[in-house]
Amino acid sequence: MKNVVVKNAGELITCQGQAPKTGSEMNELGIITDGAVVIKGGLITQVGKTDEILKNINIEEFEVIDAAGKPVLPGFIDSHTHFVFGGYRADEYSWRLQGVPYTEIMERGGGIINSVAGTREASFEELKESAWKRLDSMLSFGVTTTEGKSGYGLELETELKQLRVMKELQEEHKVDISPTFMGAHAIPSEYEGRSGEFIDYLIEEVMPLAVEEGGAEFCDIFCDQGVFTVDEARKLLLKGQELGLKAKIHADEIAQVGGAELAAELGAVSADHLLKASDEGIKLMAEEGVIGTLLPITAFSLKEPYARGRYMIDNGLPVALATDFNPGSCYSESIPLLIALSTLQMELTLEEVITALTINAAAAIDRDAKIGSIEVGKAGDLVILDAPSYTHLAYHIGVNIVDKVIKNGQLVVNG
Ligand code: NIG
Ligand code: FE
């Protein structure tokens, strides 16, 4: 592996500091003007001003990447996605454009269950090939690590197929993957009206193999009206924790069911969506250090009111932002769209958004010791923008301004 020095970063946005960041810390980007980064063996070994760094190294030993005055940031982390799935739901999307609500689509037997059929039918290779292309697209937006969930199988074989796809992609693709077991994503028709029995099946027969063979790191559940109850979620996530799976919850998206409160009670790593989360739930999450992962493209796509990101940050909740890329409620992996919605519609500052896509997103997948900021000891995952300043991430609305992406010190996108 080549040693690399990235020099002449007009703004080196380090995002350094204790993770996750809360309140006004989320506005602190730790910017070094005319910065440089040294990467050896894939890891960052020096961070500082270009002139000082160049004095300290023998340049002959390095491949030099000249940022030429452009901004350099940590690679983005998409901490909530469902990128491994079979089939598409474009027709459902057109129903939605005609005004049919998501919940009614689910009642019509569409929604997640539709993708379950497509994913059960798809071969391992088909799933891998489509997921590979999606990772390529994410990488072009500067995403160097993504979380990915199972949950379009809802039975042993297909849940494991999804997890194994992620395992192989982890070995072969440049983007790093944090795998999540989400067998409790919907109630399959085989278990209609018997959600409790389905939870028991997942606990007894699927979860142990999702860990041993699938390599899952997290357990997630759709805890909401019409899906799984708080009691079912508690039972599943506690069992998961016994097996070493860290907890995540799709919480309070459709209705205020107490998902945020449960996340605090269980010490979940994150609770996600939170469109309808209560003040009390947000307060409890903040007290327990649970990260609130907000998914504005989903709210946009569903034409639902956005999560109260401004309120959450102002009340001390560490916030991460992610795409929720999936075939139904949010068929978009677009980081530029995410940034536009977060700044214009949720009234977050661009600095808060950058924190939420880097160091706080790293904390949301429990990898903040390794990624999420430009600091000595962390992975050499960097993004160089084609713009005079990082402020163009918001200003250039909806446009991908990523010029280069460096993953573990290797140039993997060269715009
Ligand atoms: O995060 N909210 C539940 N699950 C997904 C939807 C997945 C789908 O529609 O296929 C989500 O939005
Ligand atoms: Fe989701």
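Use the structure listed above.
Each residue is numbered by its place in its chain's sequence as written, counting from 1. Written order determines the labels here, with chains lettered from A and ligands numbered from 1. With the structure being a predicted model, the display of local features is reserved for residues of pLDDT at least 70 and the display and counting of side-chain atom pairs for 80 or more, all residues being used for whole-chain, interface and lining totals. Values shown for side chains rest on all heavy atoms present in the structure; no hydrogens or waters enter the calculation.

### Observations concerning the overall build of the chain
Stage number 1. Helical segments are the DSSP runs of H or I of at least four residues, strand segments are the runs of E of at least two, and each set is numbered from the N terminus. For the chain, the helix and strand inventory stands at 16 helices and 16 strands.
Stage number 2. Between the two quantities, the radius of gyration covers C-alpha atoms and the globule rule is 2.2 Å times the number of residues to the power 0.38. Expected size for 415 residues packed as a compact globule is a radius of gyration near 22 Å; at 21 Å, the chain falls within 12% of this value.
Stage number 3. Projected onto its principal axes, the C-alpha positions of the chain cover 70 × 45 × 45 Å.
Stage number 4. The buried share of the chain, taken over its 415 residues, is 60%.
Stage number 5. Accessibility throughout is a Shrake-Rupley quantity obtained with a 1.4 Å probe, and a residue counts as covered only by protein chains that appear here. Surface accessibility of the chain: about 15500 Å² in total, with carbon and sulfur atoms responsible for 49%.
Stage number 6. Positive: Lys, Arg. Negative: Asp, Glu. His and the chain ends are not part of the count. Charged side chains are reduced to one point each, which is NZ for Lys, CZ for Arg, CG for Asp and CD for Glu. Once the 35 positive and 64 negative side-chain charges of the chain are each reduced to a mean point, those two points are 3 Å apart. Remark: exposure states derive from per-residue accessible area (1.4 Å probe, protein chains only) relative to the maximum for the residue type, with buried under 20%, exposed over 50%, and partly exposed in between.

### Regarding empty space enclosed by the protein
Stage number 1. Using a grid of 1 Å spacing that covers the protein atoms alone, one calls a set of points a cavity when a 1.4 Å probe fits there but cannot get out, and a pocket when the set is open and has protein on both sides within 12 Å along at least five of seven lines; lining residues are those with an atom within 4 Å of a point. Grid points are joined across faces, edges and corners, and a volume is the space filled by probe spheres set on the points. In this structure the tally under the stated criterion is 5 cavities of 30 Å³ or more.
Stage number 2. Each pocket or cavity is described by its volume, and for the second largest cavity that value is around 50 Å³.
Stage number 3. If you go around the second largest cavity, the residues you meet are F76, F141, I335, P336, I339, L393, V399, N400, I401 and V402.
Stage number 4. By residue number, the principal contributor to the lining of the second largest cavity is helix α13 (residues 335-345), which donates 3 residues.
Stage number 5. Under the convention adopted here, Pro, Cys and the residues Ala, Val, Leu, Ile, Met, Phe, Trp and Tyr are nonpolar, Asp, Glu, Lys and Arg are charged, and Gly plus all remaining residues are polar. Of the residues assigned to the lining of the second largest cavity, the class counts are 9 nonpolar, 1 polar and no charged.

### Comments concerning the pattern of salt bridges
Stage number 1. Should a side-chain nitrogen of Lys or Arg be within 4 Å of a carboxyl oxygen of Asp or Glu, the pair is scored as a salt bridge. Across all of its chains, the model carries 27 salt bridges by this definition.
Stage number 2. Through salt bridges with shared partners, a single ionic network connects K70, D386, D403 and K404.

### Here we look at the side chain of S373
Stage number 1. One can find S373 in the loop between α15 (359-364) and β14 (382-385).
Stage number 2. Accessibility expressed as a relative area gives 3% for S373, which makes it buried.
Stage number 3. Definition of a polar contact: a pair of N or O atoms within 3.5 Å, with one able to donate and the other able to accept a hydrogen when the atoms are protein atoms, and with sequence-neighbouring residues admitted only if both atoms are side-chain atoms. Of note is the side chain of S373, whose polar atom sits 2.6 Å from the side chain of E375.
Stage number 4. Of the polar contacts made by the side chain of S373, one reaches the side chain of K378; its length is 2.8 Å.
Stage number 5. Throughout, a residue-residue contact means that at least one pair of heavy atoms, one from each residue, lies within 4.5 Å. Beyond its immediate chain neighbours, meaning those up to four positions away, S373 contacts T14, C15, Q16, I44, P74, I359 and K378.

### As for the sheet that holds strand β10 (residues 246-251)
Stage number 1. Strand pairing is defined by DSSP finding a minimum of two bridges between the two strands. The 8 strands are arranged β6-β7-β8-β9-β10-β11-β12-β13 in an open sheet whose pairing can be described as parallel. Of all the strands in the sheet, the pair left with one neighbour each is β6 (76-78) and β13 (319-321). Between one strand axis and the next, the sheet turns through 25° on average, direction left out of account.
Stage number 2. Pairing of strand β12 (residues 291-294) with β13, which is carried by 3 bridges, proceeds in the parallel orientation. Within β13, the residue paired with L294 across the bridge is L321. For helices, the fitted line uses only the C-alpha atoms of the stretch in contact; every axis is such a line through C-alpha atoms, and the angle between N-to-C directions lies from 0 to 180 degrees.

### Let's talk about the coordination of the iron ion (ligand 2)
Reference values for coordination geometry: four tetrahedral donors around a metal ideally subtend 109.5 degrees, six octahedral donors ideally subtend 90 or 180 degrees.
Stage number 1. For Na, K and Ca the donor cut-off is 3.2 Å, while for other metals it is 2.8 Å, and in both cases only N, O and S atoms qualify; water is not among them, so sites may look incomplete. Only H80 (NE2), H82 (NE2), H250 (NE2) and D324 (OD) from the protein reach the iron ion (ligand 2) as donors, at distances of 2.1 to 2.3 Å.
Stage number 2. Linear spacing of the donor residues for the iron ion (ligand 2) on their chain is H-x1-H-x167-H-x73-D. With H80 in the loop between β6 and α2 (90-97) and D324 in the loop between β13 and α13, this residue pair connects regions lying 244 residues apart in the sequence. Exposure class is identical for H80 and D324. Each is buried.

### Points about the packing of helix α5 (residues 124-140) against helix α6 (residues 156-172)
Stage number 1. Running from N to C, α5 and α6 cross one another at 50°; their axes reach a closest spacing of 10 Å. The orientation of α5 with respect to α6, classified from their angle, is oblique. Regarding α5 and α6, the two cross each other, and that crossing is right-handed. Residue-level inspection shows F124, L127, K128, A131, W132 and L135 of α5 in contact with α6, the latter providing K161, R164, V165, E168, L169 and E172.
Stage number 2. Residue composition of the contact of α5 with α6, by class: 7 nonpolar, no polar and 5 charged. Each angle gets one of four labels, with under 35 degrees taken as roughly parallel, over 145 as roughly antiparallel, 65 to 115 as roughly perpendicular, and the rest as oblique. Crossing handedness is defined as follows: a turn of the near helix away from the far one that is anticlockwise and smaller than a right angle gives a left-handed crossing, while the clockwise case is right-handed.

### Topic: the nonpolar core
Stage number 1. Buried Ala, Val, Leu, Ile, Met, Phe, Trp, Tyr and Cys residues form a nonpolar core when they are joined through side-chain atoms within 4.5 Å. F83, F181, I221, L236, L274, I354 and L393 are the most contacted members of the largest nonpolar core, which has 106 residues in total.
Stage number 2. The leading source of residues in this core is helix α7 (residues 195-212), at 8 residues.
Stage number 3. Apart from the residues lying within four places of it in its own chain, the contact partners of I221 are M182, A184, I199, F228, E232, A233, L236, L237, K248, I249 and H250.
Stage number 4. Of all hydrophobic cores here, the second largest spans 14 residues; its members include V4, A9, L12 and I384.

### Things to note about unusual backbone geometry
Stage number 1. In this structure, P20 follows A19 across a cis peptide bond, with omega equal to -10°.
Stage number 2. Take P20: it is sitting in the loop between β1 (4-13) and β2 (31-40).
Stage number 3. Its identity is not glycine, yet C15 carries a phi of approximately 55°, on the positive side.
Stage number 4. Mapped onto the secondary structure, C15 falls in the loop between β1 and β2.
Stage number 5. Judged by relative accessible area, C15 falls into the buried class, the value being 0%.
Stage number 6. Positive phi outside glycine occurs at A68, with the angle close to 50°.
Stage number 7. Position of A68 among the secondary structure elements: in the loop between β4 (63-66) and β5 (71-74).
Stage number 8. In this structure A68 comes out as exposed when scored by relative accessible area, which is 56%.

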